[in-house]
Amino acid sequence: MTYPASDQPLLVPVAPACSGLFPVSRPSVGRFLLYGNICLDCAMQVQSFPEEDSATRAQSYTKKTGGNCANSCRVLAQLLADTPLSVSSLGVIPDRGNPDANFALSSLERFGIDTSLMQEVKDASGVPTSFVLLSTDTGARTIVSSRCGLKEMDPEHLEHVLAATSDVAWCHFECRQPGVAQMLEMLRRRTPTTRPWVSLEIEKPGLELKAVLPMLQLCDVVFFSSDFIKARAGDLEVQEEAAGGPVQSHVAPRCLRALASQEGNPTQALLICAWGALGAFAFDPRSGQDFFQAAERVQPVDSLGAGDTFNAASLAALALGASVPQMLRCACAVAGRKVAQEGLENLARWVPEDMPWKKR
């Protein structure tokens, strides 16, 4: 398949352009509220992925706060520094008397992330934990995780949070079942003057299409993982693209179009799908346009959190006035540089200098 080089983003209009949601008429002001999983990542670097029933000595070991929500919060806080936007984490955690909970929350707070809105559960058995193997040879990561008996956040907790705050500009949700659909409905019932921007991440390939489709109508932006698109292409009656075809024939944009136009569940949300080392796609149902941005060419070092980085960079760009092409270019640049380094530190320096908010 032929794709443009990373310095030549391809924008493919497939219908006469009309007004979309982005770029926003004015940058957002207030609080980003991110809901999702916060866990402990116990990561071991190994030369290569071990064979079954073998013993391997790790090259290094780290214990840090992870999970989609925590990772995106950390990146978003960096990218929003010196802007009128702050970041708050929303989710469920054992009370701070639990050493692991205290470790997780304190580590987020050190990066300027507000954790005061978390639902703390007394007598919980533990913090969700992921054991991660990072391969030096390939840069790939393999994860085995457990929730350690911790329940999901009560949807009603969001209602309490919204009643206690008046500055929520954007709510972003990791699609965790059950409860997310109820929280999206809760936000939709708010008056237009008090309703924040709403975005959703659809990551797990096991999520059923019939459960996902109604939620798309309740969002302004939706992120789909490549794993979900691959798993649900058949349900959407989208076949794999022919080898060597143009970018429009890739399975991602065709699935995004199909998702936007499902009978009984049409959506006007901006639909986005990152596709790893290839790049990222978007479809705007309001304008009828497909967009593609090739990925940065980098030597992979650590891919853990790359998708969360892409999402965070996309959210920051859209909230601060980027168009869809600018958003994809910013997100691919920041996520690509994350893959080329260990950890999530010092990523703001990779935001392209010609982004709208960098010129102000």
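In what follows, the structure referred to is the one given above.
Please read these numbers as outputs of a predicted model, since none were measured by experiment. (Residues numbered from 1 in each chain as written. Predicted model: local features only at pLDDT ≥ 70, side-chain atom pairs only at ≥ 80, totals over all residues. Heavy atoms only, no water.)

1. Topic: the layout of surface pockets
Formally: Cavity and pocket criteria rest on a 1 Å grid covering protein atoms alone: a 1.4 Å probe that fits but cannot get out defines a cavity, protein on both sides within 12 Å along at least 5 of 7 lines defines an open pocket, and an atom within 4 Å of a point defines a lining residue. Grid points are joined across faces, edges and corners, and a volume is the space filled by probe spheres set on the points. Gly is put with the polar residues, along with every residue not named as nonpolar or charged; the nonpolar set is Ala, Val, Leu, Ile, Met, Phe, Trp, Tyr, Cys and Pro, and the charged set is Asp, Glu, Lys and Arg.
Space inside the second largest pocket adds up to approximately 500 Å³. The wall of the second largest pocket is formed by 23 residues, among which Ala169, Pro192, Arg195, Pro196 and Trp197 lie closest to the centre. Residues of the lining of the second largest pocket, tallied by class, amount to 13 nonpolar, five polar and five charged.

2. Section: empty space enclosed by the protein
Tallying each qualifying case throughout the model produces three cavities of 30 Å³ or more. In this model, the largest cavity occupies a volume close to 60 Å³. If you trace the largest cavity, you find it lined by Tyr35, Gly36, Asn37, Ile38, Gly91, Val92, Pro128, Arg147, Leu150, Glu152, Met153 and Arg176. Each residue belonging to the lining of the largest cavity can be placed in one class, and the counts come to six nonpolar, three polar and three charged.

3. Notes on the pattern of salt bridges
Just so we agree on the cut-off: A side-chain nitrogen of Lys or Arg and a carboxyl oxygen of Asp or Glu constitute a salt bridge if their distance falls within 4 Å.
The final tally for this structure, using the stated rule, is 17 salt bridges. The salt bridge partner of Lys151 is Asp154, with a shortest N-O separation of 2.9 Å. Connected through salt bridges with shared partners, the residues Arg147, Glu152, Glu174 and Arg176 form a single ionic network.

4. Side note on the packing of aromatic side chains
Threshold: By convention, a stacked pair of Phe, Tyr or Trp rings (six-membered ring in the case of Trp) has centres within 6.5 Å and planes under 30 degrees apart, an edge-to-face pair has planes over 60 apart, and any other such pair is tilted. Secondary structure follows DSSP: runs of H or I at least 4 residues long count as helices, runs of E at least 2 residues long count as strands, and numbering of each begins at the N terminus. For the exposure calls, accessible area comes from a 1.4 Å probe over protein chains only, and a residue counts as buried if that area is under 20% of its type's maximum, exposed if over 50%, partly exposed in between.
Taken as a whole and judged by the stated rule, the model has seven aromatic pairs. When the ring of Phe32 is compared with that of Trp170, the centres are 5.4 Å apart and the planes differ by 25°; the resulting orientation is stacked. Remark: Trp170 occurs in strand 10 (residues 168-174) and Phe32 occurs in strand 2 (residues 30-35); sequence separation between them is 138 residues. Judged by centre distance (6.0 Å) and plane angle (50°), the rings of Tyr35 and Phe173 are tilted. Taken as a pair, Tyr35 in strand 2 and Phe173 in strand 10 lie far apart in primary sequence, 138 residues in all. For the pair formed by Tyr35 and Phe173, the shared burial category is buried. Taken together, the ring pairs connect Phe22, Phe32, Trp170 and Trp197 into an aromatic cluster.

5. Some remarks on the nonpolar core
The criterion, for reference: Here the nonpolar core consists of buried residues drawn from Ala, Val, Leu, Ile, Met, Phe, Trp, Tyr and Cys, with membership extended through side-chain atoms lying within 4.5 Å. Residue contacts follow a heavy-atom distance rule, with two residues in contact if any of their heavy atoms lie within 4.5 Å.
Ranked by internal contacts, the top residues of the largest apolar core, which has 56 residues, are Phe32, Leu76, Leu270, Ile272, Phe310 and Met327. Excluding residues within four positions of it along the chain, Leu270 makes contact with Phe22, Asp220, Val221, Val222, Ala282, Phe283, Asp284, Pro285, Leu318, Val324 and Met327. Counting 54 residues, the second largest nonpolar core, distinct from the first, contains Leu184, Leu207, Met215 and Phe281.

6. Describing the packing of helix 1 (residues 68-79) against helix 8 (residues 306-319)
As a reminder of what qualifies: Structural elements are reduced to axes, namely lines fitted to C-alpha atoms, with helices fitted over the stretch in contact, and the angle between N-to-C directions of any two is expressed from 0 to 180 degrees. Any angle that is under 35 degrees is reported as roughly parallel, and any over 145 degrees as roughly antiparallel; angles of 65 to 115 degrees are reported as roughly perpendicular and all others as oblique. Left-handed is the label given to a crossing in which the near helix is rotated counterclockwise from the far helix by less than a right angle, and right-handed is the label when the rotation is clockwise.
Across the interface, helix 1 lies against helix 8 with an axial gap of 8 Å and an inter-helix angle of 45°. Viewed along their axes, helix 1 and helix 8 adopt a mutual orientation that is oblique. For the pair helix 1 and helix 8, the crossing hand works out as right-handed. Residues Asn68, Asn71, Ser72, Val75, Leu76 and Leu79 of helix 1 touch helix 8, and the partners they reach there are Asp308, Thr309, Asn311, Ala312, Ala313, Leu315 and Ala316. Residue classes in the contact of helix 1 with helix 8 are distributed as seven nonpolar, five polar and one charged.

7. With respect to unusual backbone geometry
Of the consecutive residues Phe22 and Pro23, the connecting peptide bond is found in the cis state with omega at 10°. Summarising the element assignment, Pro23 is placed in the loop between strand 1 (10-13) and strand 2. One non-glycine residue with positive phi stands out, namely Asp82, at about 65°. Along the chain, Asp82 falls in the loop between helix 1 and strand 5 (85-90).

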